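Chain by chain, the residues:
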Amino acid sequence: MEDFFKYISASEEDKDWGLYLNVAGKSKVPSGISYPSAEHPSGYHFSWTKGRTLNEYQINYITKGTGTLENARGKFAVKPGSLLIIRKGEWHRYRPTKNEGWLEHYIGFDGMFANHFLQENQILQGQSVIHCGVREDFIDTYYKIFELVRNEDPGNQHIAAGLVIKLLGCIVAWEKQKNFSGKPIEKLIQEARFYMREHIEQEVDLQKLAEDNCIGYSYFRKMFKKYTGISPHQYHLDLKIMRSKELILTTNKSMKEISYELGFQSIHYFSRIFKKKVGQNPSELRGTVTK
C-alpha cells in the first residue's frame, strides 16, 4: 500500500458507539528530511523543540527504521516492530533517526472505550513503547482499517472501531504471552488445563503435577494466574460450573445428582457457588427451560 493519510469527521452517532477514528495513515519517511511532514494540520504537526499534546489516542507501528520517543515517563528507543502508544492529553515527541528514516503506520482514535483500554487496563497502563516485532496480524489489521477509512461507506467507522479494539486485544495478548512462549512453564500450564478439562468431576492434585515437573507449586500457581487471569483452583471450579449448566439445561438429572457427579462437597455448597458464579441458583436456571 502506498503512502496516505486521512482525517475523518466522526458523527455524534459514531462517538456514541464508544470508540471512533479521527485519523489513519501510512508513511515511508526517508532519511534526512524534516519530521513530521508540514502537510499535517496544525493540531497534529509539531516541532521537536516544543513537542505536542493530542486530544486523542494514537498507536504508531514502526515496521522499518529506528528512532526515539520522549514523554513525561522518559526517553524510549524505537526499532523495527515497535508500537508507540500516545495518550490523550500527554505531552510527547518522537522522530526517526535522521540518517535512517522509518516506515510508520498510525491510527488516531478517541471515545470512552479508548479511555478504558489505554488508561485503566493493567497491561497497557503506563506503556509508551512496546517492542513486539514485525507481526503480520498487526499490520493486516492496520491495512484493513486503512481500507475502511479510504472508502468511508456508511457504518465503516463502526467496523474500524471494532478493528481498533481487536488490535488492542492482540497487543494485550502478545504482552501476556511473551514471557511464556516456548518455555517449560507454558507447556505445564497447557497440560494442567487439559488435565482439568478431562477430570472435571474429580479433585486434581496440581501440586503433585508441578512437583513431578520439578517446579514449585507457588511459582506454578503464580504463573498460571498470570497466563490465564485466574488461579488454578478457580479455573477448575469454572469448568465445573460450565459443565453443571450443561447438565441442568440438557438432562433431567436432579441437582443432587449433578453436584455429586461433579465432585462438590454437598448440594448446598454447589448451589452457593453456582449462584455466586452465574447469578441465579441451579433450580432457577432449570426453570427457564421448563417455562
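Here the structure is a predicted model, which means the values were calculated and not measured.

**Quick notes on the nonpolar core**
Part 1 of the reasoning: Grouped together as the largest cluster of nonpolar side chains are 33 residues, with contacts concentrated most on Leu-21, Ile-59, Leu-83, Ile-107 and Phe-109.
Part 2 of the reasoning: When residues of this core are traced back to their parent elements, those giving at least two are strand S2 (20–29), strand S3 (57–65), strand S6 (82–86), strand S8 (102–110), helix H2 (112–120), helix H3 (136–151) and helix H4 (156–177).
Part 3 of the reasoning: Examining the composition of this core, we find that 9 residues originate from one element, H4, more than from any other.
Part 4 of the reasoning: What Leu-83 contacts, discounting residues up to four positions off in sequence, is Ile-59, Asn-60, Tyr-61, Ser-128, Val-129, Ile-130, Cys-132, Phe-138, Tyr-142 and Ile-171.
Part 5 of the reasoning: Listed in part, the 29 residues of the second largest apolar core include Ile-185, Ile-189, Met-196 and Ile-273.

**A closer look at the sheet that holds strand S7 (residues 92–96)**
Pairing between the strands of a sheet comes from backbone hydrogen bonds, and it takes one of two forms, parallel or antiparallel.
Part 1 of the reasoning: One open sheet accounts for 3 strands, arranged S5-S4-S7; its pairing is antiparallel. Each edge of the sheet is formed by a strand with only one pairing partner; in this case those strands are strand S5 (74–78) and S7. Across the sheet, the axes of successive neighbouring strands diverge by a mean angle of 15 degrees, strand direction being ignored.
Part 2 of the reasoning: Strand direction decides the pairing type here: strand S4 (residues 67–71) and S7, joined by 5 bridges, are antiparallel. The partner of Thr-68 across the bridge, within S7, is Arg-95.

**Section: the pattern of salt bridges**
Part 1 of the reasoning: This structure, assessed with the given rule, holds 13 salt bridges.
Part 2 of the reasoning: The salt bridge partner of Arg-73 is Glu-90, with a shortest N-O separation of 2.4 Å. In this pair, Arg-73 sits in the loop between S4 and S5 while Glu-90 sits in the loop between S6 and S7, placing the two residues 17 residues apart along the sequence.
Part 3 of the reasoning: Judged by relative accessible area, Glu-90 falls into the buried class, the value being 12%.
Part 4 of the reasoning: For the salt bridge of Lys-187 with Glu-191, the shortest nitrogen-to-oxygen distance reads 2.5 Å. Here the residue Lys-187 and the residue Glu-191 both occupy positions in helix H5 (residues 184–198), the gap between them amounting to 4 residues, near one helical turn.
Part 5 of the reasoning: According to the relative accessible area criterion, Glu-191 is partly exposed, its value standing at 32%.
Part 6 of the reasoning: Because the salt bridges share partners, they merge into one network encompassing Glu-2, Glu-147 and Arg-150.

**Observations regarding the layout of surface pockets**
Part 1 of the reasoning: Quantified by volume, the largest pocket comes out at close to 350 Å³.
Part 2 of the reasoning: As for the largest pocket, its lining consists of 25 residues, of which Ser-27, Ser-37, His-40, Glu-104 and Tyr-106 are closest to the centre.
Part 3 of the reasoning: Only strand S1 (4–7), S2, S3 and S8 provide two or more residues apiece to the lining of the largest pocket.
Part 4 of the reasoning: For the lining of the largest pocket, the element with the highest residue contribution is S2, accounting for 5 residues.
Part 5 of the reasoning: Split by residue class, the lining of the largest pocket holds 13 nonpolar, 6 polar and 6 charged.

**Here we look at the UniProt feature "domain: HTH araC/xylS-type" (unreviewed entry) in the protein chain**
Part 1 of the reasoning: Per the UniProt record, the feature "domain: HTH araC/xylS-type" (unreviewed entry) sits at residues 190–288.
Part 2 of the reasoning: A helix fraction of 74% and a strand fraction of 0% characterise residues 190–288, whose end C-alpha atoms lie 35 Å from each other.

**Looking at the domain arrangement of the protein chain**
Interfaces are often sized by the accessible area lost when the parts come together.
Part 1 of the reasoning: Domain annotation of the protein chain identifies domain 1 (4–178) and domain 2 (184–288).
Part 2 of the reasoning: Using only C-alpha atoms to locate each centre, domain 1 and domain 2 end up separated by 40 Å.

**Points about the packing of H3 against H4**
Part 1 of the reasoning: At a minimum axis distance of 9 Å, the contact between H3 and H4 shows a crossing angle of 165 degrees. Looking at the two axes, H3 sits roughly antiparallel to H4. Here H3 and H4 pass one another in a crossing that is left-handed. Contacts between H3 and H4 involve Phe-138, Thr-141, Tyr-142, Lys-144, Ile-145, Leu-148 and Asn-151 from the former and Asn-156, Ile-159, Ala-160, Leu-163, Val-164, Lys-166, Leu-167, Cys-170, Ile-171 and Trp-174 from the latter.

**Focus: a nonpolar patch on the surface**
Part 1 of the reasoning: Where nonpolar side chains cluster on the molecular surface, the patch consists of Met-112, Phe-113 and Ile-165 and spans about 260 Å² of accessible area.
Part 2 of the reasoning: Summarising the element assignment, Met-112 is placed in helix H2.
Part 3 of the reasoning: Looking at Met-112, the relative accessible area reads 53%, which means it is exposed.

What counts and what doesn't
Residue numbers run consecutively from 1 along every chain, following the written order of its sequence. Owing to the predicted nature of the model, reporting of local features is limited to residues with pLDDT of at least 70; listing and counting of side-chain atom pairs is limited to 80 or more, with chain, interface and lining totals taken over all residues. The side-chain figures draw on all heavy atoms in the structure; neither hydrogens nor water molecules are used. Put simply, buried Ala, Val, Leu, Ile, Met, Phe, Trp, Tyr and Cys residues joined by side-chain atoms within 4.5 Å make one nonpolar core. For the exposure calls, accessible area comes from a 1.4 Å probe over protein chains only, and a residue counts as buried if that area is under 20% of its type's maximum, exposed if over 50%, partly exposed in between. A helix here means a DSSP run of H or I that spans at least four residues, while a strand means a run of E at least two residues long, and both kinds are numbered starting from the N terminus. We call two residues in contact whenever any of their non-hydrogen atoms come within 4.5 Å of each other. At least two bridges found by DSSP between two strands is the condition for calling them paired. Every axis in this analysis is a line fitted to C-alpha atoms, fitted for helices over the stretch in contact. Angles between the N-to-C directions lie between 0 and 180 degrees. Should a side-chain nitrogen of Lys or Arg be within 4 Å of a carboxyl oxygen of Asp or Glu, the pair is scored as a salt bridge. Here a cavity is any set of points on a 1 Å grid over the protein atoms alone where a 1.4 Å probe fits but cannot get out, and a pocket is any open set with protein on both sides within 12 Å along at least 5 of 7 lines; a residue lines the site when it has an atom within 4 Å of a point. Grid points are joined across faces, edges and corners, and a volume is the space filled by probe spheres set on the points. Charged residues are taken to be Asp, Glu, Lys and Arg, nonpolar residues to be Ala, Val, Leu, Ile, Met, Phe, Trp, Tyr, Cys and Pro, and polar residues to be all remaining types, Gly included. UniProt positions are given in the numbering used here, feature names are shortened, and annotations may be inferred rather than shown by experiment. Either an automatic procedure or a domain database provided the assignment from which the domain bounds are taken. When describing relative orientation, an angle under 35 degrees is termed roughly parallel and one over 145 degrees roughly antiparallel, while 65 to 115 degrees is termed roughly perpendicular and anything else oblique. For any helix crossing, the convention is left-handed if the near helix is rotated counterclockwise from the far helix by under a right angle, and right-handed if that rotation is clockwise. Only residues whose relative accessible area exceeds 30% and that take part in no salt bridge are eligible for patches, with like-charged residues grouped when within 9 Å of each other and nonpolar side chains (Val, Leu, Ile, Met, Phe, Trp, Tyr) grouped when within 5 Å. Residue burial considers only the protein chains on display, and all accessible areas are found by Shrake-Rupley using a 1.4 Å probe.

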